[in-house]
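The residues making up each chain are set out below.
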Amino acid sequence: MSGFIGALPGAAAQGIIWGIMAIGVFITFRVLDIADLTVDGTLGTGGAIIVLCMANGMNAWLGMLMALLAGCIAGLVTGVFHTKFGIPAILAGILTQLSLYSINLRILGGKANQPLSFRNYKVVFSLGAIPKSLIFGVIFVAVLIAVLYWFFGTELGHGLRATGCNEAMARANGINTDTNKVIGLVLSNGIVALSGAMLAQFQGFADVNMGRGAIVIGLAAVIIGEVIFGKIFKNFALKLLAVCIGGVIYYVVITFVLRLGLNANDLKLFTAIVVALFLGIPFWKNKIAAKTVKNKEVKA
């Protein structure tokens, strides 16, 4: 138990980074109502870009900005596939993700992974400086949520939310839903790539496979945040905060389970089970509530 408590700060710092990634997933999954699998590729793109930038002498903050832009481009490609080529969103995301594997490999110089040690580079997030990483992570989340809260309060932001709520009605009111989908995918994947750049710094390397299964982790954070805080966090900004907290909870749970002796090879299986359970909780709640109401009506 003492080992788990000692690992909590590191788990929380990494959870914040995954929580930022989950905010990107939230934009497509909840706001736009699109299942976007591009994120499995863009997370790795962010990591690859930050390694390339810093290896060529670029500042870490500027490198993260480059990662953000690269992710936006990947989201744009998915959006064009979906809206201009008529490819279903989930398949468009798979196509972009598949392409990004080769692109990420090229960015990494043909190697599966590249180091980014805090001993050799002046990184912002690092396992070697967890308190600093936690402070920067919290500030980063606060700024990101504030910017997104402002954006989704604008006319364009309301248009995006309307597109996700009822696309046909939004179109009937003169909203260009295709443009909104593209903007949402660009924004989402930009945030995911940014979190990938942060993660590469924190863990000390970028790997071509580092984004594999990222969508499941993102969904886990979204669902955990909604199930735990859904009834009390009604404001949009608080919903984003709940998603980020969900990422922290997820990683703390993962750390605890690993400390109990779970084989690391079974981690993806465990994550899938956790997501399935949390996705099923609202369904079970509604079913039990409906059954209770029906029994009361029968007795009456």
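Residues numbered from 1 in each chain as written. Predicted model: local features only at pLDDT ≥ 70, side-chain atom pairs only at ≥ 80, totals over all residues. Heavy atoms only, no water.

A.B. asks: Looking at this structure, I do not really get the overall build of the protein. What am I missing?
C.D. replies: Across its full length, the protein carries eleven helices and two strands. Across its three principal axes, the protein shows a C-alpha extent of roughly 75 × 55 × 35 Å. When contacts within the protein are restricted to residue pairs at least 6 apart in sequence, long-range pairs at least 24 apart make up 77% of them. For the protein, the exposed surface amounts to about 14,700 Å²; the carbon and sulfur share of it is 67%. (Helix = DSSP H or I, 4+ residues; strand = E, 2+ residues; numbered from the N terminus. Contact = heavy atoms within 4.5 Å. Areas by Shrake-Rupley, 256 points an atom, 1.4 Å probe, with all protein chains shown as cover.)

A.B. asks: I'm lost on helix 5 (residues 130–151) in this one. Help?
C.D. replies: Along an α-helix, residues three or four apart share an orientation, since each turn contains 3.6 residues. An ideal rise of 1.5 Å per residue puts 32 Å on 22 residues; helix 5 measures up with 31 Å between its terminal C-alpha atoms. Listed as buried for helix 5 are S133, G137, F140, V141, L144, I145, L148 and F151. All buried residues of helix 5 fall inside an arc of 130 degrees around its axis, so they share one side. Those residues of helix 5 that are exposed and aimed more than 90 degrees away from the buried face are P131, I135, V138 and W150. (Expected span 1.5 Å × (residues − 1). Buried < 20%, exposed > 50% of the residue type's maximum accessible area, 1.4 Å probe, protein only. Arc of directions from axis to C-beta.)

A.B. asks: Got a minute to help me understand unusual backbone geometry in this structure?
C.D. replies: It is generally the case that most residues other than glycine have a negative phi and that most peptide bonds are trans. If you check the backbone angles, D33 has positive phi at about 60 degrees while not being a glycine. Along the chain, D33 turns up in the loop between helix 1 (2–31) and helix 2 (39–55). In this structure D33 comes out as exposed when scored by relative accessible area, which is 57%.

A.B. asks: For this particular structure, what's the right way to read the packing of aromatic side chains?
C.D. replies: Each pair of aromatic rings is reported with the distance of its centres and the angle of its planes. Applying the stated criterion across every chain, the model contains ten aromatic pairs. A centroid spacing of 6.4 Å and a plane angle of 70 degrees characterise the contact between F125 and F140, whose relative ring orientation is edge-to-face. Of the two residues, F125 sits in the loop between strand 1 (113–115) and helix 5 while F140 sits in helix 5, which places them 15 residues apart along the sequence. Relative accessible area serves as the criterion here: at 18%, F140 is assigned to the buried category. Pairing F152 with F236 gives two aromatic rings, centres 5.1 Å apart and planes at 55 degrees, and the pair type is tilted. (Phe/Tyr/Trp six-rings, centres within 6.5 Å; stacked < 30°, edge-to-face > 60°.)

A.B. asks: Help me out: how do you make sense of the packing of helix 2 against helix 3 (residues 60–83) in this one?
C.D. replies: If you want to describe how two helices pack, look at the angle between their axes and the distance between the axes. Taken N-terminus to C-terminus, the directions of helix 2 and helix 3 make an angle of 145 degrees; their axes are 8 Å apart at the nearest point. Helix-helix and strand crossings are classified by hand; for helix 2 and helix 3 the assignment is right-handed. Between helix 2 and helix 3, the contacting residues are T42, T45, G46, I49, I50, C53 and M54 on the first element and A60, G63, M64, M66, A67, A70, G71 and A74 on the second. Across the contact of helix 2 with helix 3, the residue classes tally to ten nonpolar, five polar and no charged. (Axes fitted to C-alpha atoms, helices over the stretch in contact; angles between N-to-C directions. Left-handed = near helix turned anticlockwise from the far one by under 90°. Nonpolar A, V, L, I, M, F, W, Y, C, P; charged D, E, K, R; others polar.)

A.B. asks: Where do I start with helix 2 in this structure?
C.D. replies: For helix 2, with 17 residues, the first-to-last C-alpha span of 24 Å sits near the 24 Å given by 1.5 Å per residue. Among the 17 residues in helix 2, 15 count as buried, and that is most of the element.

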